[in-house]
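What follows is the residue order along each chain.
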Amino acid sequence: PGTGKTTLLQTLVIALARSYTPAQVQFYILDFGARTLRLLTELPNVGAVVIPEEGERIERLLRFLMTE
């Protein structure tokens, strides 16, 4: 904790979302930390932000990503 991993991820996602359309880049985020990545759900490039308590959503997301 406290090393800046979440800040790095937020900065990266926001920068890429500002530079690319949702057709060009999509993010699917597993937020197993302090739940601060849920703020990114407002971006059109973010397909989902899933937290650990949402087991069924995690399974669906992983199945979706495997088919991609």
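Residues numbered from 1 in each chain as written. Predicted model: local features only at pLDDT ≥ 70, side-chain atom pairs only at ≥ 80, totals over all residues. Heavy atoms only, no water.

Trainee: I'd love a proper account of a nonpolar patch on the surface, names of residues and values included.
Mentor: Residues Tyr28, Leu30, Phe32, Leu62, Phe64 and Leu65 make up a contiguous nonpolar surface patch of about 510 Å² in total accessible area. Every element with two or more residues in the nonpolar patch is listed here: strand E1 (27-30) and helix H2 (55-67). For the nonpolar patch, the element with the most residues is H2, which contributes three residues. Of note, phenylalanine 64 is situated in helix H2. For phenylalanine 64, a relative accessible area of 33% gives the class partly exposed. (Patch = residues over 30% accessible without salt bridge, like charges linked within 9 Å, V, L, I, M, F, W, Y side chains within 5 Å. Areas by Shrake-Rupley, 256 points an atom, 1.4 Å probe, with all protein chains shown as cover. Salt bridge = Lys/Arg side-chain N within 4 Å of Asp/Glu carboxyl O. Helix = DSSP H or I, 4+ residues; strand = E, 2+ residues; numbered from the N terminus. Buried < 20%, exposed > 50% of the residue type's maximum accessible area, 1.4 Å probe, protein only.)

Trainee: Lay out the pattern of salt bridges with the relevant residues and their values.
Mentor: This structure, assessed with the given rule, holds four salt bridges. Across the pair arginine 38 and glutamate 54 runs a salt bridge whose closest N-O atoms are separated by 3.8 Å. One end of the pair, arginine 38, is in the loop between E1 and strand E2 (46-50); the other, glutamate 54, is in the loop between E2 and H2, with 16 residues separating them in the sequence. For the salt bridge of arginine 60 with glutamate 56, the shortest nitrogen-to-oxygen distance reads 3.2 Å. Of this pair, arginine 60 and glutamate 56 both sit in helix H2, separated by four residues, roughly a single helical turn. Residue classification places arginine 60 among the partly exposed positions, given a relative accessible area of 42%. Its relative accessible area of 58% is what places glutamate 56 among the exposed residues.

Trainee: For the side chain of asparagine 45, give the residues involved together with the corresponding values.
Mentor: Summarising the element assignment, asparagine 45 is placed in the loop between E1 and E2. The exposure class assigned to asparagine 45 is buried, which follows from its relative accessible area of 2%. With residues near it in sequence (within four places) discarded, asparagine 45 still touches Ala17, Tyr20, Thr21, Pro22, Val25, Gln26 and Phe27. (Contact = heavy atoms within 4.5 Å.)

Trainee: Got a sec to walk through the confidence of the model for the chain? Specific residues and values, please.
Mentor: Chain-level statistics for the chain give a pLDDT mean of 93 and a share of 100% at 70 or above. The secondary-structure element of the chain with the lowest mean pLDDT is H2, recorded at 93, while helix H1 (residues 5-19) shows the highest, at 95. (pLDDT = per-residue confidence, 0-100.)

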